[in-house]
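A closer look at the structure
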Amino acid sequence: MELNTVKDSRTADTLPATVDVLITGGGPTGIALGIDLARRGVSALIVERQDHLSPGARGTGLQPRSQEVYEDLGLLAAAREVGGLYPPTALWENGRITEVHEMIERVAPTPDAPHSNALMIPQFRNLQVLHTRLTELGGSVLFGTELTEFSQDADQVTARLRRADGTEHTVRAAYLVAADGGRSTVRRALGTAMSGPDLEPGVALLADVRIDGLDRDHWHRWMLPTGGFLGLLPLAGTDLFQTMIAGPGGTPDTSPETIRALIAEHTHLTAEQIRDVVWTSLFRPRAGMADSYREGRVFLAGDAAHVHSPAGGQGLNTSVQDAYNLGWKLGLVLRHGAPDTLLDSYGTERRPIAAHILETSTRLHRSRSLRRGRDLHQLGLGYPDSPLSRELRTDLAVGVPVAGDRAPDAPCRTADGRPTRLFDAFRGPHFTLLVLGGATLDATALPTDPTLLRIVRVDGPAADLRDADGHVRDAYGSAPAVLLVRPDGYLALGAPDGDATAKVSAALADLLGTAALQPAG
């Protein structure tokens, strides 16, 4: 495993005195937010206490909904190059495989959900992909830097940063986002409490190891006399196995010698066959959610806002989607004049999602069930009760997505016959207005800034896209309608044909305020 040794050579004298957004924490949440802000022209400073990207495979599963997010952010192709599908699980007993099964259900892709299976990508590789994309967009992570104190007033946050060499720097930002992990310094400074279920005490050893004499076609698993298990997962794109020893008994340490001894004790492998132990960690499960995601100009995201059992592979995915939800709202406030109150919807929308994930991961943790199905793909999660969701259609057929639901994909064709997808139309920092079935819309009464709103007519007069095979109709229903798709791929508005222009204008005014609405007329 290559160590994540990317570093930043800037000194305190060359750091900006002011930025739009200060982000603490250079993990997946912080960097994903930095990517989303960079493509919106929002200046962000990401500071990370460590002097490099975090090593270790850690969380390895990128769920289908997160893959849709990665596709929009320009990350998916690179992630797939270094990732792969999870192999079947082999159960071992007395030195031989006694059972093989698919622990993670395989699901065929569909026109509305093209990414249908969890992608296995070690977190250190994931971070490299994220960091490369951030750099492509002109952003960076300031390593070896920690936030030591901050204050806020009605206009800004003032933060004190300390570099590894002891030099200090003051930076002022319109907003501060804490993505600094489960033991968040910022959350503690705010005094924000965490509440959640109690998980039974336990400990697990994690390690990334190189092993001789074990095939890479299976996720190998042994049951322990303690009631726990030992698993060895061949990590896609590497020569490593991720080791998890759950319930090893006693008070284990994380030394390479201990890892070798435990693997040799509970498997048919010898200590000599464990060639390298390149990273280790001790994990104790915790569960909780911050009582509030916002305090003035300070926001909590990722593990700083919610922590839970790794059962089901939901943590990193939920965290990245926190960033995806917050990024477009910060962009609208800072670049398009939307009211600051739009940012209140971040916590309103994401806390119920975290509560659901917390319940799911806790249930799986307590059941000790290891099988994983499509209910963990996060494609069904949405914001139907959000104040940003406005559904005006009636008598909809069962299964037709409504305001607050994820906007599904659909293969279609351009006006000149080239194959394309709705996801291609959605990709980017803008709202997308889908005009379906020839619904009437006066585009001259709507904003013309393509970074804010793009109108896509499907079939009907002057169509941009043709539903040649009926996939759009299958996904969205056959009735003429106008649908406003948010920058994060959820429906903000569902309106029937008839006075749709006024309904779209009203919805945009609620989201953006009247200052951002500059119609073509």
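Above this text you will find the structure in question.
Read on for a plain summary of the structure.

Each value, and the rule that gives it
- Residues numbered from 1 in each chain as written.
- Predicted model: local features only at pLDDT ≥ 70, side-chain atom pairs only at ≥ 80, totals over all residues.
- Heavy atoms only, no water.
- Helix = DSSP H or I, 4+ residues; strand = E, 2+ residues; numbered from the N terminus.
- Rg over C-alpha atoms; globule rule 2.2 N^0.38 Å.
- Buried < 20%, exposed > 50% of the residue type's maximum accessible area, 1.4 Å probe, protein only.
- Contact = heavy atoms within 4.5 Å.
- Areas by Shrake-Rupley, 256 points an atom, 1.4 Å probe, with all protein chains shown as cover.
- Lys, Arg positive; Asp, Glu negative; His and termini not counted.
- Charge placed at Lys NZ, Arg CZ, Asp CG, Glu CD.
- Pairing = 2+ DSSP bridges.
- Phe/Tyr/Trp six-rings, centres within 6.5 Å; stacked < 30°, edge-to-face > 60°.
- Lys NZ or Arg CZ within 6 Å of the ring centre and 35° of its normal.
- Core = buried A, V, L, I, M, F, W, Y, C linked by side-chain atoms within 4.5 Å.
- Polar contact = N/O pair within 3.5 Å; in protein donor to acceptor, adjacent residues only side chain to side chain.
- Axes fitted to C-alpha atoms, helices over the stretch in contact; angles between N-to-C directions.
- Salt bridge = Lys/Arg side-chain N within 4 Å of Asp/Glu carboxyl O.
- Parallel < 35°, antiparallel > 145°, perpendicular 65-115°, else oblique.
- Left-handed = near helix turned anticlockwise from the far one by under 90°.
- Nonpolar A, V, L, I, M, F, W, Y, C, P; charged D, E, K, R; others polar.

Details of the overall build of the protein
- Within the protein, the regular secondary structure consists of 11 helices and 28 strands.
- Taken over C-alpha atoms, the radius of gyration comes to 24 Å for the protein, in line with the 24 Å a tight globule of 521 residues would show.
- Structurally, the protein occupies a C-alpha span of about 75 × 55 × 40 Å along its principal axes.
- Within the protein, the proportion of its 521 residues that are buried is 55%.
- By sequence separation, contacts in the protein at least 24 residues apart represent 70% of the contacts at least 6 residues apart.
- Split by element, the accessible area of the protein, about 20,900 Å² in all, is 50% carbon and sulfur.
- Considering the protein, the positive charge centre built from 51 side chains and the negative charge centre built from 63 side chains are found 1 Å apart.

Observations concerning the sheet that holds strand β17 (residues 288-290)
- Spatially, the three strands line up as an open sheet ordered β11-β17-β20, and their pairing is antiparallel. Every other strand in the sheet has two partners, leaving β11 (194-195) and β20 (306-307) as the edge strands with one partner each.
- Where β17 meets β20, two bridges bridge the pair, whose relative direction is antiparallel. Paired with Gly288 across the two strands is Val307, which belongs to β20.

Observations concerning the side chain of Thr414
- Tracing the backbone shows Thr414 in strand β22 (residues 411-414).
- The exposure class assigned to Thr414 is buried, which follows from its relative accessible area of 12%.
- Thr414 has contacts with Thr420, Asp464, Leu465 and Arg466, leaving out every residue within four places of it along the chain.

Points about the packing of aromatic side chains
- Within this structure, the stated rule accounts for eight aromatic pairs.
- Relative to Phe426, the ring of Phe423 lies with its centre 6.2 Å away and its plane at 45°, an arrangement referred to as tilted. In this pair, Phe423 and Phe426 both sit in helix α9 (residues 422-426), three residues apart, roughly one turn of the helix.
- Residue classification places Phe423 among the buried residues on the basis of a relative accessible area of 10%.
- Residue Phe426 is classed as buried on the basis of its relative accessible area of 9%.
- Through successive ring pairs, a cluster of aromatic residues spans Tyr175, Tyr293, Phe299 and Tyr346.
- For Arg221, the ring lying beneath its charged end belongs to Phe229, and the centroid distance is 4.3 Å.

Structural notes on helix α1 (residues 28-38)
- Burial analysis of α1 places 10 of its 11 residues in the buried class, the great majority of the element.
- For α1, the full list of buried residues reads Pro28, Thr29, Gly30, Ile31, Ala32, Leu33, Gly34, Ile35, Asp36 and Leu37.
- Residues of α1 that are buried in the fold lie against β1 (18-24), β2 (44-47), α4 (123-136), β7 (141-142), β10 (168-178) and α7 (315-336).

Quick word on the nonpolar core
- By size, the foremost hydrophobic cluster in this structure holds 89 residues, and its most contacted members are Leu22, Val177, Phe431, Leu484 and Leu511.
- Ranked by residues supplied to this core, first place goes to α7 with nine residues.
- In this view, Leu484 contacts Phe431, Thr432, Leu433, Leu453, Tyr490, Leu491, Ala492, Leu493, Ala507, Leu508 and Leu511; residues no more than four positions away in its chain are not counted.

Remarks on the pairing of strand β13 (residues 219-223)
- The buried fraction of β13 is high, at four of five residues.
- Judged from the four bridges that link them, strand β4 (residues 89-93) and β13 form a sheet pairing that is parallel. Bridge assignment links Trp92 to a residue of β13, and that residue is Trp222.
- Across four bridges, the pairing between β13 and strand β14 (residues 229-234) is antiparallel. Counterpart to Met223 in the pairing with β14 is Phe229.

A few points about the environment of Gln321
- Locating Gln321 in the fold gives a position in helix α7.
- Through-space distance from the C-alpha of Gln321 to that of Ala301 is 9.3 Å; in sequence the pair is 20 residues apart.
- One polar contact links Gln321 to Ser66, side chain to side chain, over a distance of 3.0 Å.

Description of unusual backbone geometry
- Its identity is not glycine, yet Arg58 carries a phi of approximately 45°, on the positive side.
- Relative to the assigned elements, Arg58 resides in the loop between β2 and β3 (61-62).
- Backbone geometry places Ala462, a non-glycine residue, at a positive phi of 50°.
- Here Ala462 shows up in the loop between β25 (453-458) and β26 (465-466).
- Judged by relative accessible area, which is 64%, Ala462 ranks as exposed.

Some words on the sheet that holds strand β5 (residues 96-101)
- Strand order in the open sheet made by the seven strands is β5-β4-β13-β14-β15-β12-β16, with mixed pairing throughout. With one partner strand each, in any of the chains shown, β5 and β16 (274-283) form the two edges of the open sheet. Strand-to-strand twist across the sheet, computed as the mean angle between neighbouring axes with direction ignored, equals 20°.
- Sitting on the sheet, helix α6 (residues 256-266) is in contact with β12 (204-211), β13, β14, β15 (241-246) and β16, with an inclination near 105° to β16.

A look at the pattern of salt bridges
- Scanning the entire structure with this criterion turns up 28 salt bridges.
- Taking the shortest distance from any N to any O, the salt bridge between Glu168 and Arg162 comes out at 3.5 Å.
- According to the relative accessible area criterion, Glu168 is partly exposed, its value standing at 36%.
- What emerges from the salt-bridge pattern is a single network uniting Arg49, Glu146, Arg160, Arg162 and Glu168.

A few points about the packing of α1 against α7
- Between α1 and α7, the least distance of the axes is 8 Å, while the angle of their chain directions is 30°. Judged by the angle between their axes, α1 and α7 are roughly parallel. Between α1 and α7 lies a crossing of right-handed hand. Residues Pro28, Thr29, Ala32, Leu33, Asp36 and Leu37 of α1 lie in contact with α7, whose contacting residues are Leu316, Ser319, Val320, Ala323, Tyr324, Leu326, Gly327, Trp328 and Leu330.
- When the residues that make up the contact of α1 with α7 are grouped by side-chain class, the tally is 11 nonpolar, three polar and one charged.

What is shown is where atoms sit, not what they do.
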